[in-house]
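The primary structure of each chain is shown beneath.
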Amino acid sequence: MEQQEIDVAAGVSKSVALIACTAMSVFYVAILYFPALILRLPPPSSFKSFLIRRFVCAAISSIVSLVACSLILPIRRWDVANLFGVFGFRLDHIWQALVFPLSLTSLMYTGSFVSKLLLAHSTCSEHWNNGGNLSVDCIKGILQQFICCILSMASNVSCWRNYFVAPLTEELVFRACMISLLLCGGFSTYTVIFLCPVFFSLAHLNHLLEFYLQKNCSFLKACTVVGFQLGYTVIFGWYASFLFVRTGGCSFVCFIFGMGHHC
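- In the nomenclature of an unreviewed UniProt entry, the protein is known as intramembrane prenyl-peptidase Rce1 of Olea europaea subsp. europaea.
- UniProt's Subcellular location (unreviewed entry) comment on the protein is quoted here verbatim: "Endoplasmic reticulum membrane".
- Looking at the Catalytic activity (unreviewed entry) heading of the UniProt record, one finds this comment for the protein: "Hydrolyzes the peptide bond -P2-(S-farnesyl or geranylgeranyl)C-P1'-P2'-P3'-COOH where P1' and P2' are amino acids with aliphatic sidechains and P3' is any C-terminal residue."

1. A short note on the packing of aromatic side chains
Here is step 1 of the chain: Taken as a whole and assessed by the stated rule, the structure comprises 5 aromatic pairs.
Here is step 2 of the chain: Members of the aromatic cluster, each reached through a chain of ring pairs, are Tyr28, Phe174 and Phe200.
Here is step 3 of the chain: For Lys14, the ring lying beneath its charged end belongs to Phe187, and the centroid distance is 5.2 Å.
Here is step 4 of the chain: The residue whose ring lies beneath Arg54 is Tyr33, and the NZ or CZ to ring-centre distance is 5.7 Å.

2. Regarding the confidence of the model for the protein
Here is step 1 of the chain: Of the residues in the protein, 76% reach a pLDDT of 70 or more, and the chain-wide mean stands at 78.
Here is step 2 of the chain: Of all the helices and strands in the protein, helix α12 (residues 252-262) carries the lowest mean pLDDT, 61, while helix α3 (residues 47-72) carries the highest, 91.

3. Examining α3
Here is step 1 of the chain: Between its terminal C-alpha atoms α3 stretches 37 Å, which fits the 38 Å expected from 26 residues at 1.5 Å a residue.
Here is step 2 of the chain: By the burial criterion, the buried members of α3 are Leu51, Phe55, Cys57, Ala58, Ser61, Ser62, Ser65, Cys69 and Ser70.

4. Looking at the UniProt feature "transmembrane region" (unreviewed entry) in the protein
Here is step 1 of the chain: Per the UniProt record, "transmembrane region" (unreviewed entry) is found at residues 16-39, 51-73, 93-114, 181-203 and 236-258.
Here is step 2 of the chain: Across residues 16-39 one finds 79% helix and 0% strand; the C-alpha atoms that close the span lie 30 Å apart.
Here is step 3 of the chain: Helix makes up 96% of residues 51-73 and strand 0%. Its end C-alpha atoms lie 32 Å apart.

5. Brief notes about the pattern of salt bridges
Here is step 1 of the chain: According to the stated counting rule, one finds 1 salt bridge in the structure shown.
Here is step 2 of the chain: Between Arg175 and Glu171 there is a salt bridge, with the nearest N and O atoms lying 3.4 Å from each other. Placement of both Arg175 and Glu171 in helix α8 (residues 157-184) is noted, with a separation of 4 residues, approximately one turn of the helix. Both residues of the pair, Arg175 and Glu171, count as buried.

6. Let's talk about a nonpolar patch on the surface
Here is step 1 of the chain: Taken together, the side chains of Phe27, Ile52, Val56, Ile60 and Val64 make up a nonpolar region of the molecular surface, amounting to roughly 380 Å² of accessible area.
Here is step 2 of the chain: Among the elements that line the nonpolar patch, the one with the most residues is α3, at 4 residues.
Here is step 3 of the chain: Turning to its location among the elements, Val64 is positioned in helix α3.
Here is step 4 of the chain: Overall, Val64 belongs to the partly exposed group, its relative accessible area being 38%.

7. Here we look at unusual backbone geometry
Backbone geometry follows two general trends: most residues other than glycine have a negative phi, and most peptide bonds adopt the trans configuration.
Here is step 1 of the chain: Unlike most non-glycine residues, Arg40 shows phi in positive territory, near 60 degrees.
Here is step 2 of the chain: Take Arg40: it is sitting in the loop between α2 (34-37) and α3.
Here is step 3 of the chain: Overall, the relative accessible area of 66% leaves Arg40 in the exposed class.

Scoring rules and cut-offs
Residues numbered from 1 in each chain as written. Predicted model: local features only at pLDDT ≥ 70, side-chain atom pairs only at ≥ 80, totals over all residues. Heavy atoms only, no water. UniProt positions renumbered as here; feature names shortened; annotations may be inferred. Phe/Tyr/Trp six-rings, centres within 6.5 Å; stacked < 30°, edge-to-face > 60°. Lys NZ or Arg CZ within 6 Å of the ring centre and 35° of its normal. pLDDT = per-residue confidence, 0-100. Helix = DSSP H or I, 4+ residues; strand = E, 2+ residues; numbered from the N terminus. Expected span 1.5 Å × (residues − 1). Buried < 20%, exposed > 50% of the residue type's maximum accessible area, 1.4 Å probe, protein only. Salt bridge = Lys/Arg side-chain N within 4 Å of Asp/Glu carboxyl O. Patch = residues over 30% accessible without salt bridge, like charges linked within 9 Å, V, L, I, M, F, W, Y side chains within 5 Å. Areas by Shrake-Rupley, 256 points an atom, 1.4 Å probe, with all protein chains shown as cover.

Printed below as a string of structure tokens:
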């Protein structure tokens, strides 16, 4: 964090930073069960309404975390630009925060890219060998398929979860808020990079109960599935935290990019 954004000399104690991060992790998960357990709302009538309810809960959790983090951090100025800068949204190096992390992330999917290019090349070769040509109608057909795909994704609530809500809210809570608190709490950069994903993985422990109780899985199978998921989230969390610390900006675009290859 830069000096003009946060008064580093004032600081935050390590215990306060750890307690705040733990509270944000618990609250991020606990609020998902708030409508059913506290408000006693009836079960969602459809999968779409179920996800929309969770979108609202995630949004509330993110806003509460941002407000709490703003009150805890010794922020020097309370103007909008400075507040955005504290949480990684800075226009002065937007290209570095977007292009570099996205380029680095794309290297992890080089094999997938090459495979898709080879498949596209094979399809085009087969099209040309069968006497096809690149006509205006062919181009229009490709564009129409592309537009239909975009419209289908825009109307799919699962796509909104995978490509917008989850990347944005998790990046705000588990990177923007927590890394700012831990760094201001006096933790070293490498400690923050390795510690922050622990809170990220704790937010996925609720899946253990969901698999064991709701899906009637054996405890061993539930532990295996959730353990694999936790391992992946920790590794990805290390990478995402490294990007945030090194670029000083939220890189939820990389989160979206990665989700696109796993969905």
